[in-house]
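Letter by letter, the chains look like this.
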Amino acid sequence: MKNRILVVEDERIISDLICMNLETAGYETRAVYDGSEAAGLLREQGQEAADLALVDIMLPGMDGFALMELFQGKHIPVIYLTAKADVTSKVRGLKLGAEDYIVKPFEVLELLVRMEKVLERTGKMKPELCYGDLVVDLNMHRVWEGGAEVDLKPMEFGLLTVFLKNRNVVLGRDRLLDLVWGSDFYGETRTVDVHVAKLRKKLKSAGAIKTIPKAGYMFEDDGL
Amino acid sequence: MKLKTKLVLLVFFILAFSMGACAAFSIARLKEYSLSVQVESEREKLRIAGRAFRQVGTREDFENMGEIAREAYLKYQFGRCYQSGYALIKDGVCIANQTDYEIINLSGLKGEYMVQELGKKHILLLRRALEYPDGFEVLAARDISDSWELLERQAGLYLTVFGGVSLTAAVIFALCLGRALKSLEELRQAAAAISCGELGSKVKVRGRDEIAQVGEAFNRMSEQVEEQVENLELLLGALAHEMKTPVTSIMGYSESLLSVRLSERQKKQALQNIHSAGVRMEQMSAKLLALVGMYENEAIRREELSLRDLLEQVREEARALPAARDVTLLVELPEDMRILGDRELLCSLFVNLVHNGCKASDPGREVLVSARGRTVTVEDKGCGIPEKDLPHVTEAFYMADKSRSRSEGGSGLGLALGQRIVQLHGGTMEIESKAGEGTRVSVTFP
């Protein structure tokens, strides 16, 4: 099961950009281009509309601030994604109850990571990640491949989940260190290579982790 | 040297000089007058003594005397008739001296009288010829040091008083000047504040003198500068904001191309989107240049144009969009009218207005271009402009219906540019609109 993301953005070109990247990374997206359209969708489908919403602030019909109440009523976490970089707007957005506030232009990977954190925090993250016959249970920290359980060390498990959550995206070694070991870990980037090698040894599916020369690694998933 | 010091010193010197001249003149007059009084009194004394001297003998008596006897007799009688302070002179040589001074040489005494300085003393010398016998003179020598000293004291008093007056006047002038110069100092401070970025700094205007006028002019300039800078800031802010979308697209899509595994179709789409974002930025910069730079020096051509020809050209150039949107473009050609202006600019103005009308209209509607008198009107029966947006539509980057304008490829600069073109032609542009009923834009030429 994929997490469903509602993208409320009136600029079609930006909306397409977000959807394209989210889909590639393993999310299901739904785009609306108008504030009132989003409101209508929420009234109609309620909580089923999405697990998370990326909302622009300046929208035709109904602006992002006005939409917040509706999203909160349906318990859908909201991340504002907007060109409004002033502090007043940021404070207002966060005070209204947004989970995060990202200013355009944004980096795709940053957006993915922030979304992931929000999903985890709000308990909307699907508890299982799947790839082929690989199943990862995020709550129990257990991994099965072809029905048989595979024993993974904590860091190997962390690395695998980062790959599965950010499929088809090039992840640099520094970035991986940051995401898995945390920003206060002063390890060498070699650590990442060692753990990737271990994953490849333990899991057949880890063959999908491709080494990208001079850039890092990418978990390739053609099934998306 | 500061202006204040300069002016005060100048005033002080002028005052001191003129007062000094006055003082010198009056002292000289006083000296002359007191001398003439002394001389007169001395003359009177001599006259009286002379009368007594005449009693001692007639002219004939003297003529009958021998030379030596006459001289001795005269000396004797002189001593009797004249008291001290007088001397008898014969042919420039003193023969009887009753003065307190030694008389050596009388060639220095050219006229009737003179004042001779002896150490600290001033002696008035006055001579008078005896009526007879011939060749004899009486010289009076009178010490006038007292009155001379009085004069000098007077001169000293004058000097002190006039000096004091000059100094007081200079001080008063300095104070008055200080008040006048305070305005200048305030002006300097306000200008300094502006140069430090405190735009809109103003000065207090007192009175109606030249400095006050400068102050008023300065305040007007300050206001104007502030307004212009604010406008520019607004424009820049709007520009930066408008740039966000294309920049976000370019960065986002290129980043995706670099670090996300996209399908061939997605890759192509990303490239296309990057391209269109670039095109949009290019259009925006071209229009902005047109708005702020190109016509800044008002260097537009002013050729005589036929309004009929112009509207024909507009119909030709604007044809594509109405056709594409199934909107009918009606042009009512006027009786021929001559206007002065730049053909290209005016054409782009009307084409833009026609396009705005088309974009606002639903398919099947019509856009009407008509001319009456010196006014050209572009009318549509489209969605209209909401009342709250109407005053802002000619501001750069203002879009009443943001998403719609964007999807139609609008930059939010068309009407701002149009307004500028109309202004450059000295005309006026009036926009009337009612939401839901349509819009009418009237351009009136002078």
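All values reported here derive from a predicted model rather than from experimental measurement.

### Notes on the overall build of chain B
Here is step 1 of the chain: Helix and strand counts for chain B come out as 11 helices and 12 strands.
Here is step 2 of the chain: Relative to the globule expectation of 22 Å for 446 residues, the C-alpha radius of gyration of chain B, 53 Å, shows a markedly less compact shape.
Here is step 3 of the chain: Principal-axis analysis of the C-alpha atoms gives chain B an extent of 160 × 65 × 35 Å.
Here is step 4 of the chain: A burial count over chain B gives 37% of its 446 residues as buried.

### Examining the packing of aromatic side chains
Here is step 1 of the chain: The final tally for this structure, using the stated rule, is 10 aromatic pairs over all chains.
Here is step 2 of the chain: Of note, Arg12 of chain A hangs over the ring of Tyr33 of chain A, and the distance from its end group to the ring centre comes to 4.0 Å.

### Remarks on the environment of Tyr80 of chain A
Residue and element names in this part refer to chain A.
Here is step 1 of the chain: For Tyr80, the position within the fold is in strand β4 (residues 78–82).
Here is step 2 of the chain: Note: C-alpha distance between Tyr80 and Leu112 (32 residues apart in sequence) is 14 Å.
Here is step 3 of the chain: With residues up to four places along the chain from it excluded, the contact list for Tyr80 reads Val55, Ile57, Gly64, Phe65, Met68, Gly93, Leu96, Ala98, Asp100, Tyr101 and Ile102.

### With respect to the domain arrangement of chain A
A common way to express how large an interface is: the accessible area buried when the components associate.
Residues and elements named next belong to chain A.
Here is step 1 of the chain: Per the domain assignment, the segments of chain A are domain 1 (4–121) and domain 2 (128–219).
Here is step 2 of the chain: Facing eight residues of domain 1, the contacting portion of domain 2 comprises eight residues.
Here is step 3 of the chain: Salt-bridge contacts for Arg175 lead to Glu107; the nearest nitrogen and oxygen are separated by 3.2 Å.
Here is step 4 of the chain: Connecting domain 1 to domain 2 are four residue pairs in polar contact (both at pLDDT 80 or more).
Here is step 5 of the chain: Those elements that place two or more of their residues in the side of domain 1 that touches domain 2 are α1 (12–25) and α5 (108–121).

### Looking at the packing of helix α6 (residues 154–165) of chain A against helix α7 (residues 173–181) of chain A
Residue and element names in this part refer to chain A.
Here is step 1 of the chain: Where α6 contacts α7, the axes come no closer than 9 Å and their chain directions differ by 115°. Crossing hand, α6 versus α7: right-handed. Facing Met155, Gly158, Leu159, Val162 and Phe163 of α6, the residues of α7 in contact are Leu176, Leu179, Val180 and Trp181.
Here is step 2 of the chain: Considered class by class, the residues forming the contact of α6 with α7 number eight nonpolar, one polar and no charged.

### Focus on the sheet that holds strand β6 (residues 128–131) of chain A
Residue and element names in this part refer to chain A.
Here is step 1 of the chain: Across the sheet, which stays open at both edges, the four strands sit in the order β6-β7-β8-β9 with antiparallel pairing between neighbours. Two strands bound the open sheet, and with one partner strand each, they are β6 and β9 (148–150). The mean angle between the axes of side-by-side strands here comes to 25°, regardless of whether they run parallel or antiparallel.
Here is step 2 of the chain: Direction of pairing for β6 relative to strand β7 (residues 134–137): antiparallel, over a ladder of four bridges. If you follow Leu129 over to β7, its bridge partner there is Val136.
Here is step 3 of the chain: In the packing of α6 onto the sheet, the strands contacted are β6, β7 and β8 (142–145), and the crossing angle to β7 comes to about 110°.

### Looking at the domain arrangement of chain B
Here is step 1 of the chain: Per the domain assignment, the segments making up chain B are domain 1 (3–160), domain 2 (232–294) and domain 3 (303–444).
Here is step 2 of the chain: On a C-alpha basis, the centres of domain 1 of chain B and domain 2 of chain B stand 111 Å from each other.

Definitions and cut-offs
Residues numbered from 1 in each chain as written. Chains lettered and ligands numbered in written order. Predicted model: local features only at pLDDT ≥ 70, side-chain atom pairs only at ≥ 80, totals over all residues. Heavy atoms only, no water. Helix = DSSP H or I, 4+ residues; strand = E, 2+ residues; numbered from the N terminus. Rg over C-alpha atoms; globule rule 2.2 N^0.38 Å. Buried < 20%, exposed > 50% of the residue type's maximum accessible area, 1.4 Å probe, protein only. Phe/Tyr/Trp six-rings, centres within 6.5 Å; stacked < 30°, edge-to-face > 60°. Lys NZ or Arg CZ within 6 Å of the ring centre and 35° of its normal. Contact = heavy atoms within 4.5 Å. Domains from an automatic or database assignment. Salt bridge = Lys/Arg side-chain N within 4 Å of Asp/Glu carboxyl O. Polar contact = N/O pair within 3.5 Å; in protein donor to acceptor, adjacent residues only side chain to side chain. Axes fitted to C-alpha atoms, helices over the stretch in contact; angles between N-to-C directions. Left-handed = near helix turned anticlockwise from the far one by under 90°. Nonpolar A, V, L, I, M, F, W, Y, C, P; charged D, E, K, R; others polar. Pairing = 2+ DSSP bridges.

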